[in-house]
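# Descriptive structure summary
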Amino acid sequence: MTDPIETVWQGRFITTLREGRWEYAMRNGEISAAVIVAIDDDHLILVEQYRIPIRKRCIELPAGLVGDDHDGESIESAAIRELEEETGYRAERMEQLGEYVTSPGMVTERFTLVRALGLTKIGDGGGVAGEDIIVHRVPLAELAQFVAARRAEGMAIDSKLLTLLGPIYLKLSA
């Protein structure tokens, strides 16, 4: 028999829950996220933005919520929209690479990793009002050095970048 689930606190966007001694958070509603791997001519498109929970700027793969303001939106159309808003790149289509969890011991959040295909630069990006996103176009061959330099500057690095850094780091330790 499992313990009952108790709502500890509920806000507009998240709810914290307790099940026995375990506390965790979940996003309200049927909202998911799309995380985008966008490679343009052997360059990875990354974004940098300030993240309030960690109180610093963070280097990340472009990403966004699916269905937060667009009812019935598909993962692919949300990813195309978010990539364009954040980076100024338009993708002809998105290829789904699977669903993943972010921090399964603490949150119920899941995201779908997608690959952007048929990229065209159409603008500067930067996100919507108030996001203050900086776009980085990083040569794949220099990704590990770029991340190390940003970390040395005190920036946070989103763990989703390990999807691309993992093979590099494994080669370095072999």
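Refer to the structure printed above.
Below, the structure is looked at part by part. Note that the coordinates shown come from a computational prediction; the quantities given were computed from them, not determined experimentally.

## Quick notes on helix H2 (residues 143–152)
- For H2, the set of buried residues is Leu143, Ala144, Phe146, Val147 and Arg150. Looking straight down H2, one finds its buried side chains confined to an arc of 160 degrees; they lie on one side. Facing away from the buried side of H2 by over 90 degrees, the exposed positions are Gln145 and Ala152.
- Downstream of H2 by a residue or two, Gly154 has a phi angle that is positive, lying close to 95 degrees.

## Some words on the nonpolar core
- Within the largest apolar cluster, 18 residues are counted, with the highest numbers of intra-cluster contacts made by Leu44, Leu46, Ile59, Leu61, Leu143, Val147 and Leu161.
- Residue assignment for this core shows that the elements contributing at least two residues are strand S4 (32–40), strand S5 (43–51), strand S9 (110–121) and H2.
- Leaving out residues up to four positions away in the same chain, Leu143 has contacts with Leu44, Leu46, Val138, Leu164 and Leu165.

## Some details on a nonpolar patch on the surface
- Residues Val8, Trp9, Phe13 and Ile14 make up a contiguous nonpolar surface patch of roughly 410 Å² in combined accessible area.
- The residue Ile14 is located in strand S2 (residues 14–19) in this model.
- Since its relative accessible area comes to 38%, Ile14 is described here as partly exposed.

## Quick notes on the pattern of salt bridges
- Under the definition given, this model contains 15 salt bridges.
- Here Asp132 ties to Arg57 by a salt bridge, and the two come within 3.4 Å at their closest N and O atoms. In this pair, Asp132 sits in the loop between S9 and strand S10 (134–139) while Arg57 sits in strand S6 (residues 56–60), placing the two residues 75 residues apart along the sequence.
- Through salt bridges that share partners, Glu73, Arg81, Glu82 and Glu85 make up one connected network.

## Looking at the layout of surface pockets
- The calculated volume of the largest pocket comes to roughly 1900 Å³.
- The space that makes up the second largest pocket amounts to roughly 180 Å³.
- At the level of elements, strand S3 (22–27) and S4 are the ones that each hand at least two residues to the lining of the second largest pocket.
- Classifying every residue of the lining of the second largest pocket gives three nonpolar, three polar and five charged.

## Details of helix H1 (residues 75–87)
- Taking 1.5 Å per residue as the helical rise, H1 with its 13 residues ought to reach 18 Å, and the 18 Å between its terminal C-alpha atoms agrees with that figure.
- Residues of H1 that are buried include every one of Ile75, Ala78, Ala79, Arg81, Glu82, Leu83, Glu86 and Thr87, and no others.
- Looking at the buried residues of H1, the elements they touch are S4, S5, strand S7 (63–66), strand S8 (89–101), S9 and S10.
- After H1 finishes, the residue Gly88 shows a positive phi value of roughly 85 degrees.

## Here we look at the pairing of S3
- Pairing of S2 with S3, which is carried by six bridges, proceeds in the antiparallel orientation. Across the sheet, Thr15 pairs through a bridge with Met26, a residue of S3.
- The antiparallel pairing of S2 with S3 creates a hairpin that spans two residues between the two strands, and Gly20 there sits at a positive phi of about 65 degrees.

## A word on the side chain of Glu48
- As for its placement among the helices and strands, Glu48 is situated in strand S5.
- Take Glu48: its relative accessible area is 6%, and that puts it in the buried class.
- There is a polar contact of 2.7 Å between the side chain of Glu48 and the side chain of His136.
- Ignoring any residue separated from it by four or fewer positions in sequence, one finds Glu48 in contact with Arg57, Cys58, Ile59, Asp132, Ile133, Ile134, His136 and Met155.

## Examining the sheet that holds strand S1 (residues 5–10)
- Strand order in the open sheet formed by three strands is S1-S2-S3, with antiparallel pairing between adjacent strands. Two strands close off the open sheet at either side, each with one partner strand: S1 and S3. Neighbouring strand axes in the sheet, compared pairwise and without regard to direction, differ in orientation by 30 degrees on average.
- Pairing analysis gives five bridges linking S1 to S2, with the strands arranged antiparallel. Note on S2: the bridge partner recorded for Gln10 is Thr15.

Calculation rules
Residues numbered from 1 in each chain as written. Predicted model: local features only at pLDDT ≥ 70, side-chain atom pairs only at ≥ 80, totals over all residues. Heavy atoms only, no water. Buried < 20%, exposed > 50% of the residue type's maximum accessible area, 1.4 Å probe, protein only. Helix = DSSP H or I, 4+ residues; strand = E, 2+ residues; numbered from the N terminus. Arc of directions from axis to C-beta. Core = buried A, V, L, I, M, F, W, Y, C linked by side-chain atoms within 4.5 Å. Contact = heavy atoms within 4.5 Å. Patch = residues over 30% accessible without salt bridge, like charges linked within 9 Å, V, L, I, M, F, W, Y side chains within 5 Å. Areas by Shrake-Rupley, 256 points an atom, 1.4 Å probe, with all protein chains shown as cover. Salt bridge = Lys/Arg side-chain N within 4 Å of Asp/Glu carboxyl O. 1 Å grid on protein atoms, 1.4 Å probe; cavity = no way out; pocket = protein on both sides within 12 Å on 5 of 7 lines; lining within 4 Å. Points joined across faces, edges and corners; volume = space filled by probe spheres on them. Nonpolar A, V, L, I, M, F, W, Y, C, P; charged D, E, K, R; others polar. Expected span 1.5 Å × (residues − 1). Pairing = 2+ DSSP bridges. Polar contact = N/O pair within 3.5 Å; in protein donor to acceptor, adjacent residues only side chain to side chain. Axes fitted to C-alpha atoms, helices over the stretch in contact; angles between N-to-C directions.

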